[in-house]
Amino acid sequence: MDISTTGRGDTDPTPALLDAARLTADPDLAARFPAEAHRVLADLVRAGAPLGWDDPPAPDEVADLIARVLQAARHGDAALRAAYLDRRLIGLGYWLRYTQATNRQHADLVKIAVSAEAHGRGIGRSLTSTLVADAREAKIEVLTLDARADNARALRLYRSLGFREYGRLPAFVAMGGRRYDKVFYMLDLRT
């Protein structure tokens, strides 16, 4: 499968954003994906990124997470997007459908992660926008997310895509001896 970039020139190529089906259809990419996802996530957490871990996750933990998301995606209960630049993973994100029977029409955008070397190139925006489009296509009614309140860049991105804050838990997240508010955002896709 060809995932070469469609660029705007050699200095600013546009990454390919593969969904779970395209990712798993390429045996080489599928086999490498858990380790590459671990590299991206562990490097970001090591640098202090608010991705839900105090310390970088273990490779097995990330592999288990990826397996669960891919399984859910096969059943229509998730969407995963992987950003590749010349067959190198530079970002990933996913949403999961709520499991409660009364809430299955909604989903939670769980993680958006872009490798440090790709920051500032709009990849986080592309991943998030594509996952929102995937949610619309899957007939998700409300897409929710939560974020650490000091993650100003991410919160700005979410607001620019139409998400709005619907709640906040003061001093809820404990990391590195500090406390942060947990902020809840939603995007109503019914309108």
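Structure: see above.
Draft legend 1. Broad picture of the sheet that holds strand β7 (residues 178-188). If you walk across this open sheet you meet the 7 strands as β1-β2-β3-β4-β5-β7-β6, and the pairing is mixed. Sheet topology places β1 (16-19) and β6 (164-175) at the edges, where each strand pairs with a single neighbour. Neighbour-to-neighbour, the strand axes of this sheet turn through a mean angle of 25°, independent of strand direction. One ladder, built from 2 bridges, connects strand β4 (residues 107-114) with strand β5 (residues 142-148); its direction is parallel. What sits directly across from A107, in β5, is L143. Seen against the sheet, helix α2 (residues 27-46) touches β1, β2 (78-85), β3 (88-97) and β4 and runs at an angle of roughly 90° to β3. In this fold helix α4 (residues 123-137) packs onto β1, β2, β3, β4, β5 and β7, with an angle of close to 155° to the strand it touches most, β4.

Draft legend 2. Structural context of the packing of aromatic side chains. Counted according to the given criterion, the structure contains 2 aromatic pairs. Ring geometry for Y158 and F163: centres 5.7 Å apart, planes at 65°, overall edge-to-face. Each member of the pair, Y158 as well as F163, carries the same accessibility label: buried. Measuring from ring centre to ring centre gives 5.8 Å for Y166 and F184, while their planes differ by 45°; the resulting arrangement is tilted. Within this pair, whereas Y166 is found in strand β6, its partner F184 is found in strand β7, the two being separated by 18 residues in sequence.

Draft legend 3. Focus on the pairing of β6. Across 8 bridges, the pairing between β6 and β7 is antiparallel. Paired with V173 across the bridge in β7 is Y180. Between β6 and the antiparallel strand that follows it, β7, lie 2 residues; G176 among them carries a positive phi value of about 60°.

So, how was this worked out
Per chain, residues are indexed from 1 in the order of the written sequence. With the structure being a predicted model, the display of local features is reserved for residues of pLDDT at least 70 and the display and counting of side-chain atom pairs for 80 or more, all residues being used for whole-chain, interface and lining totals. Calculation of side-chain values draws on the structure's entire complement of heavy atoms; hydrogens and water are dropped beforehand. Any two strands with at least two DSSP-identified bridges between them are counted as paired. The secondary structure listing takes helices from DSSP runs of H or I that are at least 4 residues long and strands from runs of E that are at least 2 residues long, numbered from the N terminus. Throughout, an axis means a line fitted to C-alpha atoms (over the contacting stretch in the case of helices), and angles, computed between N-to-C directions, take values from 0 to 180 degrees. Whether two residues touch is decided by their heavy atoms; if any such pair falls within 4.5 Å, the residues are in contact. Each aromatic pair joins two rings of Phe, Tyr and Trp (for Trp, the six-membered one) with centres within 6.5 Å, and gets the label stacked for planes under 30 degrees apart, edge-to-face for over 60, and tilted for any other angle. Exposure classes here rest on a 1.4 Å probe applied to the protein chains alone. A residue is buried below 20% of its type maximum, exposed above 50%, and partly exposed in between.

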